[in-house]
Amino acid sequence: MAALAVLACVCAFVVSARAEAPYRFFDWNVSYGDINPLGVPQQGILINGQFPGPEIDCETNANLIVNVHNSLPEPFLLSWNGIQQRKNSWQDGVAGTNCPIPPGQNYTYRMQAKDQIGSFFYYPSLAFHKAAGGFGAIRINSRPRVPVPFPPPADEYTVLIGDWYKATHKALQATMDNGTQLPFPDAILINGKGPNGGANFTVEQGKTYRLRISNVGLENTLNFMIQDHNVTLVEVEGTHTVQNTYTSIDVHVGQSLSVLFTADRLPRDYHIVVSTRFTNQTLNSTAVLRYAGSSFPAWGPPPVVNASDVDFSLEQARSIRYYPSHHLNRQLALSNGYSRVTELVNLTWLACRTNLTASGPRPNPQGSYHYGSINVTRTIRLANSAGQVDGKLRYGVNGVSYVDADTPLKLADYYNLTGVFHMGGIPDAPAPTNGTGLNETIADAALQNATAVMDSDHRSFVEMVFENNEDTVQSWHLDGYSVFVVGMDKGVWSEQSRTTYNLVDAVARCTVQVYPRAWTAIFIALDNVGMWNLRNGIQQRKNSWQDGVAGTNCPIPPGQNYTYRMQAKDQIGSFFYYPSLAFHKAAGGFGAIRINSRPRVPVPFPPPADEYTVLIGDWYNATHKALQATMDNGTQLPFPDAILINGKGPNGGANFTVEQGKTYRLRISNVGLENTLNFMIQDHNVTLVEVEGTHTVQNTYTSIDVHVGQSLSVLFTADRLPRDYHIVVSTRFTNQTLNSTAVLRYAGSSFPAWGPPPVVNASDVDFSLEQARSIRTNLTASGPRPNPQGSYHYGSINVTRTIRLANSAGQVDGKLRYGVNGVSYVDADTPLKLADYYNLTGVFHMGGIPDAPAPTNGTGLNETIADAPLQNATAVMDSDHRSFVEMVFENNEDTVQSWHLDGYSVFVVGMDKGVWSEQSRTTYNLVDAVARCTVQVYPRAWTAIFIALDNVGMWNLRSEDWTRRYLGQQFYLRVYTPTHSFRDELPIPDNALLCGQATNTSGLPFSLY
C-alpha cells in the first residue's frame, strides 16, 4: 500500500538522566519451518520455532532488549506496531530507518515502552515476509500503582486474526512485482489456526475475561463476534476508551484493541466468529469459546454480519471514545479529575473518543492533555490513489508512489548523504482532479515513483486529513505516535467539515481507518524527533399555568371540563401524561405522548420499520381509594401485586409483531407508582437512542433499567430465528421480584418462546449505576431544532447557587411522612401559582425549604437522616430567573429515589455511591451529560444536576415514587423575575379555574411593561 515518511527536525536536544526502568531480555531465532494452518504444509516464518511468534509481556516503561538472530537465507527486519520509540526512531524496524539484518547475523533492538500501556503487535516489515508469519503480540501492562478503569479480569487471552493465503509469500510478492493485484485470500487465521482449526478459549461461568485482539493480516478488515455474548470495548492501542458494549466489533488491518466479556450464558460451547468485511465474497473462520465442564458443542450455524454494511462500521468507529468525567474510576486521584473544558469544544459530531478520566500509563487522567485548545500550525491532506507506472499497478499518496532506497532514510539524513530521498517530495494536498467530487477517480491522476519524505517542524501541531476516493477501506499507521482521531465521515472533506470535529475526547491511537469514499481527520503533536513511516418531560415553556398539578391548577370539578392549551415547544421524544391528584394514578388514566421531529430536522438513526409504545408499571389489586386510605392512616403500601405492560398483567397477552431483519423503535415509559423496572427482550440487544427528548450516545444493552417516571426510546433489530421471544419486565432493588412477560412475535412464527423468561439480578445496584453513567447526550445530533444538541455548553457556565436536597422519612403526629431537608409538603386549598399571581398571603411559605439539609450526627452513611424531625409545611423555594443552579440530591436511605422537575430538562452531571462533598465536583461530566426531566438517586448515594432557570413559573419538584410524593416528598420551585412581560411568561389563561382564596379574584394584579 501507499507509504511516505515524515521527518521532524530540531535544532538542539537535551538528554536527561533518570532512574533506570526494569529490563526485559528476549533472544529470538528467526527461521523457516513447516506450518499447517489450512491443513496442508506451508513454509512459514517461525520465531523460536513458534507460529505465531512468542508474546512480549511487560510493564509500562520497561526496557525491551530483543536479540534477533536471522536464520533466513535473506535479509530480515521486525517492526513494532504501536510502540512509539520515544526519541528513538533508530529502533523502528522499517526499511526507512534500519538496515536489514543480513542472513546468518543478528541485531539487538533496544527500546523502551515509554509511557505506554495496551495491546500491540510486532511483524516482519520487509518484502512480503508478513504473509508467512513472524508476527506476535505485545502486551504492555499498567504499573501496579496506576489503576485501569475496570476490575481485573479472571484471565486475558491474545487473539491474533488475519487473512491468509495458501501461496507462499514469495509467490505473492512476485504477483505484486508483476503489477497485478493479489487474489482474494484463502482463509482467515485465528492465532495461527484456520477455519474450524481448533483455536479454543476456556472460561468459567460467571467470570469476566479480557481479549486482546490484533488484526495482523495483509489487507482485509475483519469482524469479531462471540455467539450470544456481548463484548465491551475498554482499550484501543494504549488508550482506555468509553466502555461501550457491542454484539460484534470491526478490527481494521493493523489495529489492536481490548474487549471484556462475561461468561454469563449456559455452560456449553459457543462459536467465536471472525469474518471479512467490505468484500464481495465473505470469508469466515471460527474458534470455540468453551465453558469449563461443557459437554455440548456450539449449536447452529455460526452467526454472521452484513459484510457490506459500511454505515454500521462507521457508526461503531464513531462510538469509540473517551469516557467523560462522570465515569471516574474510584481508584483515581480526584485531584486530577476532569474540569471545565467546554471552551475547547466545537462539536457537531462525536468521533471515536477516549476515557478522559481513566489513567493512562501515568497516574494523571488521559483527558489532562487538552489537544482541542491547541492552534493547528499546518494542514496536510493525503489522498490515496491507484494507477499504472511503467505498465504496472502502483498505489500512491498525493500522486507519489513510494519506493524503498538502498540506504535507510534515517542513516542518510544522519550522515547528510545526498540523492537517497527527495525532501518535500510529497505535497501537502492532492493535485486537483476533474472537480466532480465523489464521482471522480483520483486514480486518473498520473502517479510517479519516488523515495519521498515530507518535512515537518518539531513541536508543530498538525491537522492531517486522509481522503479516500476509492471503494475499499483504507487503514493508515504512523510510527512513533498516537494521533487524535478527531473526525470521520462519508463524502468529500472540506473546511466546513472541521465543525464536526471532536475537540474534547477523541480517541488516541496509531492506526486509523478511512471508509470508502470518505475521509478521516487526525491531529498530531509532533513531539517525537525522528524519521517516521506513515503507512497505510413536556416543558410548558413560559406556561406553568398548564402544568396540571395541585400547586398550579385548580382541580376540574365533577361534571365540568377544562381545556389545556399548551405547546410542545422545542421538544421531541417520548413522554407520558397521568392523573396528578390523590391516588388516581393507581387506577389508570395515564397514556403516552410521542413528539416527533419535524421533517427537516433529522434524527440520528435511520427510520425504523415501526414504533411501539410500551407503558410499564407496578400495579395493585386494591382500589386507588383503598391505597389512599392506607397512606392516610400513616402506613406504608404493601408490595405490589403485579407489573402491567400496556395495561396487561403477567402473561396477559401484550404482543408485538415484527418482521425478520427489520429494526424497530420502542418508546418505554415507567408509569408505575414506586418501583424501578428492568426491560429486556430474550436473545435481543437494545440500543438506547433517546431519553425524555434528548438523543443519546447509542450504547447497546442486554437489558435496561427504567426508573419510575422515566421515559426512553430503544432500537432493536429482529435478527434472530423467526419464532416467539419473551419480553420481560421485572422489579429492581426489591426483596422479592415481580416479573411480567409479553411476546415478541416474528411474523409467521409457529414456535412459542422457549425456556423460562430470562432474569436479571434484582439487587445489583452497581450494574444499574454504571448503566446510568453510560447514558450521555449525543452532542452532534439535532434536537428539536436543526442545531446540534451539543451547541449549548452548559459546562462553561458559572454556577450561581448550590442547592443540596436530602430525602428523609419520619413521623409527624404519629403518622408516616416523607420530606425534603426536614420539610414534608402539604397541599394548600389554593394553587400556589394563583396565590403568587394574585399576591394572596398565608397560602405558602416562601423560603420554607432550606438550601441544604440540617446537620445530623456527622457519621455519614451510617446515620439516618430520618432521625431529624420533620415538619409539615406548604413550602416554596425561591429562585431567580436566568440563574444557573447546581442541585445535589442526597439519598441516605436504602431505596432508590426518583425525582422529577416540571418545566425543565436538567443536565445530569454526576452520580455516585457515598456522601457528596465539594470534591465530588471533580467527577462531574461537563461535556455531554444527558439532559432529562426525571433522575434517579441510588441507595446511600447522590446525583448532581445543573439547571439553567430560564423558564419563569411555579414548578413542582417531586418524588416520582407516588407514596413518597403523596406523603410530602415534594415542594415547589418558584422561578421569579420582577419584570412582568409576556416575553418571559404567558398570561393567565382566560379559562383558568379559580378556587380557594382565589375564587373571587380577576384581572391583572400588575402592569405590563
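Residues numbered from 1 in each chain as written. Predicted model: local features only at pLDDT ≥ 70, side-chain atom pairs only at ≥ 80, totals over all residues. Heavy atoms only, no water.

Peer 1: Explain the overall build of the protein to me, please; I cannot follow it from the model alone.
Peer 2: Of the regular secondary structure elements, the protein holds 7 helices and 62 strands. The buried share of the protein, reckoned over its 1009 residues, is 60%. (Helix = DSSP H or I, 4+ residues; strand = E, 2+ residues; numbered from the N terminus. Buried < 20%, exposed > 50% of the residue type's maximum accessible area, 1.4 Å probe, protein only.)

Peer 1: Even after reading the chapter, I still don't get the nonpolar core, so can you show me in this structure?
Peer 2: General note: in soluble globular proteins, nonpolar side chains tend to be found buried as a group. Formed by 66 residues in total, the largest nonpolar core has its most connected members in Leu666, Ile668, Phe679, Leu744, Leu805 and Phe889. In this structure, Tyr157, Val159, Ile161 and Ile188 belong to the second largest nonpolar core, which totals 31 residues. (Core = buried A, V, L, I, M, F, W, Y, C linked by side-chain atoms within 4.5 Å.)

Peer 1: I tried to follow the sheet that holds strand β2 (residues 23-35) on my own but got confused; where do I start?
Peer 2: Each strand in a sheet pairs with another by means of backbone hydrogen bonds, the pair being arranged parallel or else antiparallel. Taken together, 4 strands build an open sheet; the order of strands is β3-β2-β5-β7 and the sheet is mixed. The open sheet has two free edges, formed respectively by β3 (42-47) and β7 (106-112), since each of these has just one partner strand. Strand-to-strand twist in this sheet, taken as the mean axis angle between neighbours without regard to direction, amounts to 20°. Pairing of strand β5 (residues 63-70) with β7 involves 7 bridges; the strand directions are antiparallel. The residue of β7 that forms the bridge with His69 is Asn106. (Pairing = 2+ DSSP bridges. Axes fitted to C-alpha atoms, helices over the stretch in contact; angles between N-to-C directions.)

Peer 1: Help me out: how do you make sense of the pattern of salt bridges in this one?
Peer 2: Any two side chains of opposite charge can pair if their charged atoms end up close together. In total, this model carries 38 salt bridges according to the counting rule given. Asp228 is the partner of Arg720 in a salt bridge, and the nearest nitrogen-oxygen pair spans 3.3 Å. Accessibility expressed as a relative area gives 27% for Arg720, which makes it partly exposed. Using a relative accessible area of 16% as the deciding quantity, one classes Asp228 as buried. One salt bridge in this structure joins Arg921 and Glu886, with 2.8 Å as the shortest N-O distance. One end of the pair, Arg921, is in the loop between β57 (906-913) and β58 (931-932); the other, Glu886, is in strand β55 (residues 884-891), with 35 residues separating them in the sequence. Note on Glu886: relative accessible area 2%, which makes it buried. (Salt bridge = Lys/Arg side-chain N within 4 Å of Asp/Glu carboxyl O.)

Peer 1: What am I meant to see in the state of the cysteines here?
Peer 2: Should the sulfur atoms of two cysteines be covalently bonded, the bond is a disulfide. Applying the stated criterion across every chain yields a total of 1 disulfide. Put simply, Cys554 and Cys995 are joined by a disulfide, and their sulfur atoms are 2.0 Å apart. Across the S-S bond linking Cys554 and Cys995, the dihedral sits near -90°, which makes this disulfide left-handed. Within this pair, whereas Cys554 is found in the loop between β34 (530-535) and β35 (573-577), its partner Cys995 is found in the segment after β62 (970-976), the two being separated by 441 residues in sequence. (Disulfide = S-S within 2.5 Å.)

Peer 1: Quick question: what am I supposed to make of the side chain of His252 here?
Peer 2: The residue His252 is located in the loop between β18 (248-251) and β19 (256-262) in this model. Residue class for His252 comes out buried when judged on its relative accessible area of 1%. Within the structure, the side chain of His252 is placed 3.0 Å from the side chain of Thr221, a separation counted as a polar contact. Sequence-distant contacts of His252, defined by excluding residues within four places in its chain, comprise Asn215, Thr221, Phe278, Ser313, Val473, Ser475, Gln513 and Tyr515. (Polar contact = N/O pair within 3.5 Å; in protein donor to acceptor, adjacent residues only side chain to side chain. Contact = heavy atoms within 4.5 Å.)

Peer 1: So what exactly am I meant to see when it comes to helix α4 (residues 624-632) here?
Peer 2: For α4, every residue scored as buried is listed here: His624, Leu627, Gln628 and Met631. With its buried residues spanning 100° around the axis, α4 presents them on a single face. For α4, the secondary structure elements touched by its buried residues are α7 (962-966). Positioned one or two residues after α4, Gly634 has a phi angle of 85°, which is positive. (Arc of directions from axis to C-beta.)

Peer 1: How do you make sense of the confidence of the model for the protein when you look at a structure like this?
Peer 2: Low pLDDT marks stretches whose predicted atomic positions should not be read closely. Taken as a whole, the protein shows an average pLDDT of 82; of its residues, 85% reach a score of 70 or greater. Within the protein, strand β13 (residues 208-215) carries the highest mean pLDDT (96), whereas strand β1 (residues 3-9) carries the lowest (38). Ignoring residues within four places in sequence, the model shows residues 435-444, a span with pLDDT below 50, making 20 contacts including any to other chains. Note that residues 858-867 has pLDDT below 50 and, in this model, 19 contacts with residues that lie over four places away or in other chains. (pLDDT = per-residue confidence, 0-100.)

Peer 1: Mind showing me how you'd approach a nonpolar patch on the surface here?
Peer 2: Residues Trp90, Tyr414, Tyr415 and Leu417 make up a contiguous nonpolar surface patch of roughly 450 Å² in combined accessible area. For Tyr415, the location among the structural elements is in the loop between α3 (409-414) and β25 (422-423). Under the relative-accessibility criterion, Tyr415 is labelled exposed at 54%. (Patch = residues over 30% accessible without salt bridge, like charges linked within 9 Å, V, L, I, M, F, W, Y side chains within 5 Å. Areas by Shrake-Rupley, 256 points an atom, 1.4 Å probe, with all protein chains shown as cover.)

Peer 1: When you look at the pairing of strand β56 (residues 897-901) in this model, what are you seeing that I'm missing?
Peer 2: Regular strands place their side chains on alternate faces of the sheet. Most of β56 is tucked away, with 5 of its 5 residues classed as buried. Taking every second residue as pointing to the same face, both faces of β56 are buried, with Gln897, Trp899 and Leu901 on one and Ser898 and His900 on the other. In this structure, β56 lies alongside strand β59 (residues 934-937), joined through 4 bridges in antiparallel fashion. Counterpart to Ser898 in the pairing with β59 is Gln936. One ladder, built from 3 bridges, connects β56 with strand β61 (residues 953-959); its direction is antiparallel. By the bridge assignment, His900 is partnered in β61 with Arg958.

Peer 1: Where do I start with the sheet that holds strand β8 (residues 118-124) in this structure?
Peer 2: If you walk across this open sheet you meet the 4 strands as β4-β9-β8-β6, and the pairing is mixed. Each having just a single partner strand, β4 (56-59) and β6 (78-81) make up the two edges of the open sheet. Ignoring strand direction, the axes of neighbouring strands in this sheet form an average angle of 20°. Bridging between β4 and strand β9 (residues 136-141) involves 4 bridges; their strand directions are parallel. Bridge pairing in β9 links Cys58 to Ile140.

Peer 1: What exactly am I supposed to notice about the pairing of β62 here?
Peer 2: β62 sits mainly inside the fold: 6 of its 7 residues count as buried. Where strand β54 (residues 875-880) meets β62, 5 bridges bridge the pair, whose relative direction is parallel. Of the residues in β62, the one forming a bridge with Met877 is Leu973. As paired elements, β61 and β62 share 6 bridges and run antiparallel to each other. Residue pairing in the sheet places Asn956 in a bridge with Tyr972 of β62.

Peer 1: Would you mind showing me how to read empty space enclosed by the protein here?
Peer 2: Where empty space is left in the structure can be found by rolling a water-sized probe over the atoms. Computed from the structure, the largest cavity encloses a volume of approximately 130 Å³. What lines the largest cavity is a set of 14 residues, and nearest its centre among them are Ala772, Ile775, Val908, Met911 and Val930. Counting only elements with at least two residues in the lining of the largest cavity, the list comes to α5 (765-774), β57 and β59. Of the residues forming the lining of the largest cavity, the biggest block, 3 residues, is contributed by β57. (1 Å grid on protein atoms, 1.4 Å probe; cavity = no way out; pocket = protein on both sides within 12 Å on 5 of 7 lines; lining within 4 Å. Points joined across faces, edges and corners; volume = space filled by probe spheres on them.)

Peer 1: It is not clear to me how helix α2 (residues 310-319) should be interpreted in this structure. Could you clarify?
Peer 2: Note that an α-helix has 3.6 residues per turn; residues three or four places apart therefore point the same way. Across the 10 residues of α2, 7 count as buried, placing the element largely inside the fold. On its buried face, α2 sits against β17 (245-246), β18, β30 (483-490) and β32 (511-514). Of the residues flanking the start of α2, the one acting as N-cap is Asp309, its side-chain oxygen 3.3 Å from the backbone nitrogen of Asp311.

Peer 1: Hey, could you run me through the side chain of His707 in this one?
Peer 2: Within the fold, His707 resides in the loop between β45 (703-706) and β46 (711-717). In this structure His707 comes out as buried when scored by relative accessible area, which is 1%. Here Thr676 takes part through its side chain, which lies 2.9 Å from a polar atom of the side chain of His707. Polar side-chain contacts of His707 include one of 3.3 Å to the side chain of Tyr938. Apart from residues lying up to four places away in sequence, His707 is in contact with Asn670, Thr676, Phe733, Ser768, Val896, Ser898, Gln936 and Tyr938.

Peer 1: What exactly am I supposed to notice about unusual backbone geometry here?
Peer 2: Residues apart from glycine generally show negative phi values, whereas peptide bonds are mostly found in trans. Following Phe51, the chain continues to Pro52 via a peptide bond in cis, the omega torsion being -10°. Looking at the element boundaries, Pro52 is found in the loop between β3 and β4. Positioned with a positive phi, Glu692 is a non-glycine residue whose angle comes to about 50°. Checked against the element boundaries, Glu692 lands in the loop between β42 (686-691) and β43 (694-695). On the basis of relative accessible area, Glu692 is assigned to the buried category, the value being 2%.

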